[in-house]
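Summary of structural features
Below, each chain spelled out in residue letters.
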Amino acid sequence: MTRRVGVLALQGGYGVHISALERCGYTVCEVRDAETLSSLDGLVLPGGESTTHLKLIKRFQLEDALTHFVRSGRPILATCAGLILASTAVTGPEQRSFGWLDVDVERNGWGRQVHSFEAPADVTPCADHFGELPLPLMFIRAPRLTRIGSDVEVLATVSDEPVIVRQGQVYGATCHPELTSDLRVHQRVFGP
Ligand code: GLN
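Residues numbered from 1 in each chain as written. Predicted model: local features only at pLDDT ≥ 70, side-chain atom pairs only at ≥ 80, totals over all residues. Heavy atoms only, no water.

Examining the side chain of Gln 95
Among the structural elements, Gln 95 can be located in the loop between β5 (89-91) and β6 (103-106). When its relative accessible area of 17% is taken as the criterion, Gln 95 is described as buried. In this structure the side chain of Gln 95 is engaged in a polar contact, spanning 2.9 Å, whose partner is the side chain of Ser 50. Here Arg 107 takes part through its side chain, which lies 2.8 Å from a polar atom of the side chain of Gln 95. In contact with Gln 95, not counting residues within four places along its chain, are Ser 50, Thr 51, Leu 54, Ile 84, Val 90 and Arg 107. (Helix = DSSP H or I, 4+ residues; strand = E, 2+ residues; numbered from the N terminus. Buried < 20%, exposed > 50% of the residue type's maximum accessible area, 1.4 Å probe, protein only. Polar contact = N/O pair within 3.5 Å; in protein donor to acceptor, adjacent residues only side chain to side chain. Contact = heavy atoms within 4.5 Å.)

Side note on the layout of surface pockets
Its boundaries defined by the atoms lining it, the largest pocket holds a volume of some 220 Å³. Surrounding the largest pocket, 17 residues form its lining, Gly 48, Cys 80, Ile 140, Arg 141 and His 176 being those nearest its centre. Considering only residue class, the lining of the largest pocket consists of five nonpolar, eight polar and four charged. (1 Å grid on protein atoms, 1.4 Å probe; cavity = no way out; pocket = protein on both sides within 12 Å on 5 of 7 lines; lining within 4 Å. Points joined across faces, edges and corners; volume = space filled by probe spheres on them. Nonpolar A, V, L, I, M, F, W, Y, C, P; charged D, E, K, R; others polar.)

Remarks on the side chain of Thr 180
Of note, Thr 180 is situated in the loop between β12 (170-173) and α7 (184-190). Overall, Thr 180 belongs to the buried group, its relative accessible area being 12%. Reaching out from Thr 180, the side chain makes a polar contact with the backbone nitrogen of Asp 182 at a distance of 3.3 Å. The residues contacting Thr 180, other than those within four sequence positions of it, are Arg 23, Glu 118, Pro 136 and Met 138.

A word on the site of the ligand
All residues in the neighbourhood of the ligand are listed as Gly 47, Gly 48, Glu 49, Ser 50, Cys 80, Ala 81, Ile 84, Arg 107, Asn 108, Ile 140, Arg 141 and His 176. Between the ligand and Gly 48 there is a distance of 2.9 Å, counted from an oxygen atom to a backbone nitrogen or oxygen. For the ligand, an oxygen atom lies 2.6 Å from a polar atom in the side chain of Arg 107. The cavity that encloses the ligand is the largest pocket. (Near = heavy atom within 4 Å. Sits in = over half its atoms within 2 Å of the grid points.)

Brief notes about the sheet that holds strand β11 (residues 161-167)
Taken in spatial order, the seven strands of this open sheet run β2-β1-β3-β4-β12-β11-β10, and their pairing is mixed. Of all the strands in the sheet, just β2 (27-31) and β10 (153-158) have a single pairing partner and so form its edges. Here the average twist between neighbouring strands, direction ignored, is 20 degrees. With three bridges connecting them, strand β1 (residues 4-8) and strand β3 (residues 42-45) associate as parallel partners. The residue bridging Val 5 from the neighbouring strand is Gly 42, located in β3. Lying over the sheet, helix α1 (residues 14-24) contacts β1, β2, β3 and β4 (76-79), oriented at roughly 165 degrees with respect to β1. Contacts from helix α4 (residues 63-71) reach β3, β4 and β12, with the element oriented near 125 degrees to β3. (Pairing = 2+ DSSP bridges. Axes fitted to C-alpha atoms, helices over the stretch in contact; angles between N-to-C directions.)

What about the sheet that holds strand β9 (residues 144-148)?
Taken together, three strands build an open sheet; the order of strands is β5-β6-β9 and the sheet is mixed. Two strands lie at the open edges of the sheet, namely β5 and β9, each paired on one side alone. Neighbour to neighbour, the strand axes of the sheet diverge by 20 degrees on average, direction disregarded. Where β5 meets β6, three bridges bridge the pair, whose relative direction is parallel. Its bridge partner lying in β6, Val 90 is registered against Val 105.

Shown next as structure tokens:
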């Protein structure tokens, strides 16, 4: 049976993740309620506006179901605003986060929208994850990782700064792996 991977579809860039996951061959669904969430093998928290995500998670009463999903050990890929939600602490400015991944982040730490950029990430810190070839990544009002917990592994860097990390089955990316044709990140997180 093909894996069933969901994308939190409240706001932001969920559509592009859906097509990336479909290209990987997974069964993909949009997630807006706890029942759909419980039926999944994996979940993407997409980019967007983290403050808006926080409001909508509250409005849709999804926090407990999301926390339960993370604790169940199923794989999660949190990208950009999704990583901000998943982190332990947020600055720039401070805001609430859920602490599913033991890192701290600074919002918009690489600059504003006009400072968005594409860069090849070095994946050799952990080549058994993505192989040896640099990973093309897009950074759009991206957060910067300001602290990495001791149980968190760095999987990819740009200019020696961590940009993709993992703690168990929770993967966090400051960037947008869904915006290039390279599917290695989704494939690695959710499996063959
Ligand atoms: N800057 C956004 C925030 O702080 C995140 C941007 C993104 O997801 N591309 O929420």
